[in-house]
Amino acid sequence: MNPFTYSRADDVATAVRDIASAGGAKFIAGGTNLLDLMKGNVERPARLIDINRLALREIRRGPDGGLEIGALVTNTDVAYNEEVERSHPLLSRAILAGASAQLRNMATTGGNIMQRTRCPYFYDSATPCNKREPGSGCSAIEGFNRYHAILGHSESCIATHPSDMCVALAALEAIVSVTGPGGERSIPIAEFHRLPGDSPHIDTALGAGELITAVILPAEGFPEHFAYLKIRDRTSYAFALVSVAAALRMEGGKIAEARIALGGVAQKPWRDPGAEAVLRGSEPTRDNFANAAQAILRDARGFEHNAFKIELARRTVVRALSEAAQESAR
Amino acid sequence: MNDLAPGTATSLPAETSIALTVNRVRRQMSVAPWTTLLDALREHLGLTGTKKGCDHGQCGACTVLVDGRRINSCLTLAVMRDGSEVTTIEGLAEGDALHALQEAFIEHDAFQCGYCTPGQICSAAGLIREGRAKTSDEIRELMSGNICRCGAYPNIVAAIQQSMAAEGVV
Amino acid sequence: MSTAHIGKPISRVDGRAKVTGEAKYAAEYATPGLAYGWVVSSPIARGKITSIDASEALKLPGVIQVISHENRPSLAWFDSSYRDQIAPPGSPFRPLYDAEVHFSAQPVALVVADSLELARFASTLVRIEYESRAHVTDLESNLEAAYKPKEREGIKPPPKPRGHADRAFSRAPVQVDAEYMVPVEHHNPMETFATTVVRDEDGTFTIYDKTQGVQNVRDYLCNAIGFKPDEIRVVTAYVGGAFGSGLRPQYQVFLAALAARMLKRSVRVVLTRQQMFSFGHRPTTRQRVALGASPDGTLQAVIQEATSETSRYEDYSEEVVNWSGLLYRCDNARFEHKVVQLDLPTPCDMRAPGAVWGVFAIESAMDELAVALGTDPVELRLKNYAEEDQNDGKPFTSKELKECYRQASERFGWQKRDPTSRSMRRGSTLIGWGMAGGAWEALQQKASASARLTVDGKLTVSSATADIGTGTYTVMSQIAAKMLGLPLRDVTFKLGDSSLPLSPVVGGSWTVASVGSAIKAACEAVGKTLLGLSRKVEGSPLAGASFDQVEFADGQIRLREDPSRSVSMAEAMRAGGVDVIEEEASARPESDGYSRHTHSAIFAEVEVDEDFGTVRVTRVVTAIAGGRVINPKTARSQVMGGIVWGISSALHEESVLDHRFGRFITHNLADYHVPVNADVDEVEVIFVDERDDLVNPLGAKGLGEIGVVGVAAAIANAVFHATGRRIRELPMTLDKLL
């Protein structure tokens, strides 16, 4: 960990002003990933601006029935929030599938979105990594890539985004509210995380000096038919090999609307409107789910250690949709 | 690959004064920003009951209660916790009287080498306070952030169940 | 003699210290002016350091020194000076000795600074240039380089061949011939390796080290660095797990001691979790097992061949192929164990070394044979039961393995098993039941202990052993309390100090037998002295009694035949005019032509989700034949821990090497999976009655290792039963079952 200076911001305006005025500064909230990376010398901020005292810890019901989740609400507080459980239980389910109770007590909503890949080469400064050291090469493509991408990867990077929460946010079409030097703006979650392309060191669409202030969940939370399924190498406290957030709106025994988001397969939660369209207006049958699964993984391409994830992801999609289709008596 | 990023401070960070209430005692201390809560407890305050197993939030040995919630003390900076109340394993007993969890861990032999034990017990205290676990499966899931390499898990679950029963939680 | 303390489920005597945080581990001793050392690790796997520039680091106020091969004090020259008690044949790795890099993450420098954080930061400023050379870290693609390793002390070579194995195999009507592959595993105790060297005012050093052998470390530091024996004391009061990784001195103790001596101050060095992947490990091993049988299931041939890795500088070997001869009778057998040199650190004994891999292969193959024969796996094992050790034709001191099979299968409900694979389901989940047997050594090593009884009835027994979580503090206290008939609270056992009486390193499951026997002998010596003193009591009722005729209970020395004839121990000491009786005694193993082993039977149930390939071990019942169980509570924990290790080997653990870098890439606890709480369901441990007056003076066999042996095979066999798929490569991750 390199030396850095530390300051606290008491309001959003100050935080945004402070970060603009200091070179190499970073915000710190829960710290669960940033400090982890700093200890490995992967992140080397000159200054940390502690935003934990900003008034961003509320969950509010909007007039349209949606929810606004403050960026500093911890993962635990989101997951167990009664409003979230009532209208957007998929989000609770996804959050509780991630990390450990202790980490969820620390990690914040904004920080979870901002967490970086867990690619072991990204963490190991003895190996090349384009995300850590642009231009140095990608060690994972021909290396140990069990946890790596099968969709949306590039020749420079095959890392995955490790979040469970974001997979649910993608399925729920959340909006990320940010504030920065240019004022406030909203970024749809689908546009928030970037695919690597030839600049894998840039993870997100967040601009310089911008701060996440909230996540907005639209009113439709699919509380009747949803599932979050996470397949991993041990029962708990492990990153996903594949995870699936599935949400259905059923009308008269048919699927009126379907959302499918995949985690652990790309540098961002993976959605495919075409695959979801396959299900619209159709019966909730295994065959139809299999068609959707086929569609969403149409362009998947695996590597030496993760090619199995393509078939695994298909099966997980089918199972998640099947579970979601069951009448929810949860 | 060890080069400092441009703009990285090369002078050492100045220490700042913070106050933590640790095990009900207010402790004023001077720490540099880069000192984690875990290192502050172990190296500055001599409270070595809180353990370092991985220093990356991957094992749970460093679990303490901060303002009543269980967290990994290795992944938070001491300066960030200025003004907080911290409870470590050293603060669970009341004088000579052990906490019910401590008694139960001994009775059920819920440890072997003992290194993960303070974290397990603090985590269990947090778990009971959270009130989300009722069944043994729920205890197992919500205690999965604490690795025990000796493999004492079944005994840990039994000890927690006994404590929960004693406290009337289940 | 009162046996009140033996066989009782007594809670650990060190329990309170461990649940309150009072128990101090190696990195937790405070001392004024302590400096912190941070290890700089090599990014390359093989080559040479061409330059070290520490100037940037040394410019930082508070950085004391950067120690490397360029500026270290002089060290011993000869290989033999670096050989510790456990060293396999070869030239041990010598930290900071020269510019050579032998393996990735090798320690190449130590940064010493005023604070932990500063040392860590300064380590990033040390610029080291390397000249890389081609390295080889892949066992699979270098099998042709395998050779027979030099014989390692304490490790039996493969058993001698019996009959004509290959011919018998080729003629056998029923054959199984399969290859099994297992990965590298790292011990990963929860406490990382750490040493605090406290420099005392007189210039001597107290070295608080994480180790399984304080005297081994002391001797090593004297030989390698040049300390005089009275200049250092090595102490390890508590060890946060070790599982074999602390058998040999690890490099942090060398570096900390070297720095303390060079800088004349107290120094602490703690390894990071990542650095825990930079030394010995369970070696990756490829095996072939060929079994031939007649249609009635009688084994006609057993062939087991193993190839495992070693380093370029030492011939590490373990007993991989030595287990079938303890379990099964077969007249035609052939065994082979070879090693391949790789550019990796020398492997290191890890909980049941050799047996974990060897028994996995043999017991998987036996299951394959049972399937081929259409025989029940338990029946097949009973059919071929070895009544004597086939390896060297010796009788067993005891072997209640049949009783293990019987009791464990009964408890498990094995008779309800439908032998057809894929026949058992719970909803959409396949259920499988599998079993295996296991064996481990019941060894004893030479050990000494002292016993000190004071007139107030307090007994202190001591030996330089360690408690690595196995319960040594507790069971030794029980043994001593039993010997002199004292309440447990009046007995203190001191361990983990190199100045105490001689103890072997803590390993091989031999501590109870070795140190316990020495304690028994020391307490007997105290008892004899007491009896002698009791005769000085006026009109002593014990005047004519011999030692065999008396017993010690409730603070009394009394006649066994007539307990009313007694003298209190305090009275005897007063009569003799002594306040203290102190005796030291040794115990050594008998060489009497017997084979000494523990045995086990393991029955496991798995659930397999066929869509995802995920395996869950829902139930394990293990029965152990381990002689006399001194403390059923700590004994059960030992075996339970072993079972969790078996689950881990079966399903989770793997140190993945990236051969391009010659580096373990899963070097953290997020990528290196060990089971978490949610991975472990029902675990049941049965101790079968096994009376054994021959194995050692206590009749007890160690239990630290037997619990893990065979578990992975039982699980793999259960997975086959569930799915019809035989997985011969561990760990059985879901991709192998998709």
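Here, residues in each chain are numbered from 1, in the same order as that chain's written sequence. As they are written, the chains are lettered A onward and the ligands numbered 1 onward, keeping that order. Two thresholds apply to this predicted model, a pLDDT of at least 70 for residue-level local features and 80 or more for giving and counting side-chain atom pairs, whereas whole-chain, interface and lining totals are computed over all residues.

1. Here's the deal with the overall build of chain B
To keep things clear, this is the line we draw: Helical segments are the DSSP runs of H or I of at least four residues, strand segments are the runs of E of at least two, and each set is numbered from the N terminus. We call a residue exposed when 12 or fewer other C-beta atoms sit within 10 Å of its C-beta, buried when the count reaches 20 or more, and partly exposed for counts in between; the C-beta positions come from the backbone. Residues are defined as contacting one another if the C-beta atoms placed from their backbone atoms lie within 7 Å.
The secondary structure content of chain B amounts to 5 helices and 5 strands. In terms of overall dimensions, chain B has C-alpha extents of about 55 × 40 × 30 Å along its principal axes. Counting over 170 residues, chain B shows a buried share of 62%. Looking at chain B alone, contacts between residues at least 24 apart form 57% of all its contacts between residues at least 6 apart.

2. Here we look at the overall build of chain C
Operational definition: Radius of gyration: C-alpha atoms only; globule rule: 2.2 Å multiplied by the number of residues to the exponent 0.38.
When helices and strands are counted, chain C shows 15 helices and 30 strands. At 27 Å, chain C has a C-alpha radius of gyration in line with the 27 Å of a compact globule built from 738 residues. Here chain C holds 738 residues, and the buried ones make up 64% of them. Pairs at least 24 apart in sequence give 82% of the contacts found in chain C among residues at least 6 apart.

3. Quick look at the interface of chain B and chain A
To keep it simple, the criterion reads: Side-chain classes follow a simple rule in which Ala, Val, Leu, Ile, Met, Phe, Trp, Tyr, Cys and Pro form the nonpolar group, Asp, Glu, Lys and Arg form the charged group, and the remainder, Gly included, forms the polar group.
Taken together, the contacts link 31 residues of chain B with 28 residues of chain A. Looking at the side of chain B that touches chain A, the elements that each hand over two or more residues are strand 4 (69-72), helix 3 (117-130) and helix 4 (136-142) of chain B. Of the residues belonging to the side of chain B that touches chain A, the class tally is 15 nonpolar, 12 polar and 4 charged.

4. Focus: the interface of chain C and chain B
At the junction of the two partners, chain C supplies 49 residues and chain B supplies 50 residues. Counting residues per element, the ones that place at least two in the side of chain C that touches chain B are helix 1 (15-20), helix 3 (116-123) and helix 14 (632-651) of chain C. With 7 residues, the top contributor of residues to the side of chain C that touches chain B is helix 14 of chain C. Here the side of chain C that touches chain B is composed, by residue class, of 23 nonpolar, 16 polar and 10 charged.

5. Let's talk about the sheet that holds strand 8 (residues 211-217) of chain A
All names here are of chain A. Test applied: At least two bridges found by DSSP between two strands are what make those strands a pair. Inter-axis angles, ranging from 0 to 180 degrees, are taken between N-to-C directions of lines fitted to C-alpha atoms, where helices are fitted over the stretch in contact.
Strand order in the open sheet formed by 5 strands is 4-5-8-6-7, with antiparallel pairing between adjacent strands. With partners counted over all chains shown, the strands left at the sheet margins are strand 4 (59-61) and strand 7 (183-188), one partner each. Direction aside, the axes of adjacent strands within the sheet are offset by 25° on average. With 3 bridges joining them, strand 4 and strand 5 (residues 67-70) adopt antiparallel strand pairing. Of the residues in strand 5, the one forming a bridge with arginine 60 is glutamate 68.

6. Structural notes on helix 12 (residues 286-296) of chain A
All names here are of chain A. Inclusion rule: Here the arc refers to the directions that run from the helix axis out to each C-beta atom.
Within helix 12, the full set of buried residues consists of Phe289, Ala292, Ala293 and Ile296. Along the axis of helix 12, the buried positions cluster into a sector of 100°, meaning they face one direction only. Where helix 12 is buried, its residues touch strand 11 (254-263), helix 11 (273-279) and helix 13 (308-325).

7. Points about the sheet that holds strand 22 (residues 550-553) of chain C
All names here are of chain C. In space, the 3 strands of this open sheet follow the order 22-23-24, with antiparallel pairing throughout. One side of each edge strand has no neighbouring strand; the edge strands of this open sheet are strand 22 and strand 24 (566-568). Mean inter-strand twist for the sheet, computed between neighbouring axes without regard to direction, equals 20°. The sheet contact formed by strand 22 and strand 23 (residues 556-559) spans 4 bridges and is antiparallel. Looking at the pairing, valine 550 lines up with leucine 559 of strand 23.

8. Some details on the packing of helix 14 of chain C against helix 15 (residues 711-723) of chain C
All names here are of chain C. Using the following cut-off: Every angle not falling under 35 degrees, over 145, or within 65 to 115 is termed oblique; those three ranges are roughly parallel, roughly antiparallel and roughly perpendicular. In this scheme the handedness of a crossing depends on how the near helix is turned from the far one: anticlockwise by less than a right angle means left-handed, clockwise means right-handed.
Close contact between helix 14 and helix 15 brings their axes to 8 Å; oriented N to C, the two are set at 55°. Between helix 14 and helix 15, the crossing angle belongs to the class labelled oblique. Like other packed secondary-structure pairs, helix 14 and helix 15 cross with a definite hand, here right-handed. Together, Ile643, Gly646, Ile647, Ser649 and Ala650 of helix 14 and Val711, Ala712, Ile715 and Ala716 of helix 15 make up the contact between the two elements. Residues that form the contact of helix 14 with helix 15 fall into these classes: 7 nonpolar, 2 polar and no charged.

9. Describing the environment of serine 7 of chain A
All names here are of chain A. Along the chain, serine 7 turns up in strand 1 (residues 5-8). Serine 7 sits in the partly exposed class, given 15 other C-beta atoms within 10 Å. Considered as a pair, serine 7 and isoleucine 49 are 42 residues apart in the sequence and their alpha carbons are 5.1 Å apart. If we skip the residues at most four places from it in the chain, serine 7 touches Asp18, Ile49 and Asp50.

10. Some thoughts on unusual backbone geometry
Here the bond from leucine 730 of chain C into proline 731 of chain C is cis, since omega is -10°, no more than 30 degrees from zero. Position of proline 731 of chain C among the secondary structure elements: in the segment after helix 15. Even without glycine at this site, aspartate 55 of chain B takes up a positive phi of about 70°. Relative to the helices and strands, aspartate 55 of chain B is located in the loop between helix 1 (37-44) and strand 3 (63-66). Located in the positive-phi region is lysine 264 of chain C, a residue other than glycine, with phi close to 55°. The topology assignment puts lysine 264 of chain C in the loop between helix 6 (251-263) and strand 11 (267-270).

11. Let's talk about the pairing of strand 7 of chain A
Look at any regular strand and the pattern is simple: side chains alternate between the two faces of the sheet. Residue and element names in this part refer to chain A. As paired elements, strand 6 (residues 175-180) and strand 7 share 6 bridges and run antiparallel to each other. When the sheet's bridge partners are listed, valine 178 is paired in strand 7 with arginine 185. Linking two consecutive strands that pair antiparallel, namely strand 6 and strand 7, is a turn of 2 residues.

12. A closer look at the confidence of the model for chain C
Stated precisely, the cut-off is as follows: pLDDT: the predictor's confidence for each residue, scored from 0 to 100.
Per-residue pLDDT for chain C averages 97, and the proportion of residues at 70 or more is 100%. Overall fold confidence for the complex sits at a pTM of 0.98, while the interface term, ipTM, reaches 0.97.

13. Here we look at helix 1 (residues 12-21) of chain A
Residues and elements named next belong to chain A. Listed in full, the buried residues belonging to helix 1 are Ala15, Val16 and Ile19. Viewed along the axis of helix 1, the buried residues span an arc of 95°, placing them on a single side of the element. Along helix 1, the residues that are exposed and aim more than 90 degrees away from the buried face are Ala13 and Ser21. Taken together, the buried residues of helix 1 touch strand 2 (25-28), strand 3 (47-50), strand 6 and strand 8.

14. Describing the environment of valine 680 of chain C
Checked against the element boundaries, valine 680 of chain C lands in the loop between strand 29 (663-664) and strand 30 (682-687). Since 24 C-beta atoms lie within 10 Å of it, valine 680 of chain C is described here as buried. Setting aside residues no more than four positions away along its own chain, valine 680 of chain C makes contact with Tyr153 and Pro154 of chain B together with Val644, Ile647 and Pro675 of chain C.

15. Examining the packing of helix 2 (residues 100-107) of chain B against helix 3 of chain B
Residues and elements named next belong to chain B. Contact geometry for helix 2 and helix 3: axes closest at 10 Å, N-to-C directions at 130°. By the angle between their directions, the pair helix 2 and helix 3 is classed as oblique. In the crossing of helix 2 with helix 3, the sense of the turn from one axis to the other is right-handed. Taken together, the residues of helix 3 that come into contact with helix 2 (itself represented by Leu101, Gln102 and Phe105) are Thr117, Ile121, Ala124 and Ala125. Looking at the contact of helix 2 with helix 3 residue by residue, the class counts come to 5 nonpolar, 2 polar and no charged.

16. Focus: the pairing of strand 9 (residues 225-232) of chain A
Residue and element names in this part refer to chain A. Counting buried positions along strand 9 gives 8 out of 8 residues, so the element sits mostly inside the fold. Neither face of strand 9 is open: one carries His225, Ala227, Leu229 and Ile231, the other Phe226, Tyr228, Lys230 and Arg232, and all of them are buried. Both strand 9 and strand 10 (residues 240-251) contribute to a ladder of 8 bridges, which runs antiparallel. Residue pairing for strand 10: leucine 229 is matched across the bridge by valine 244.

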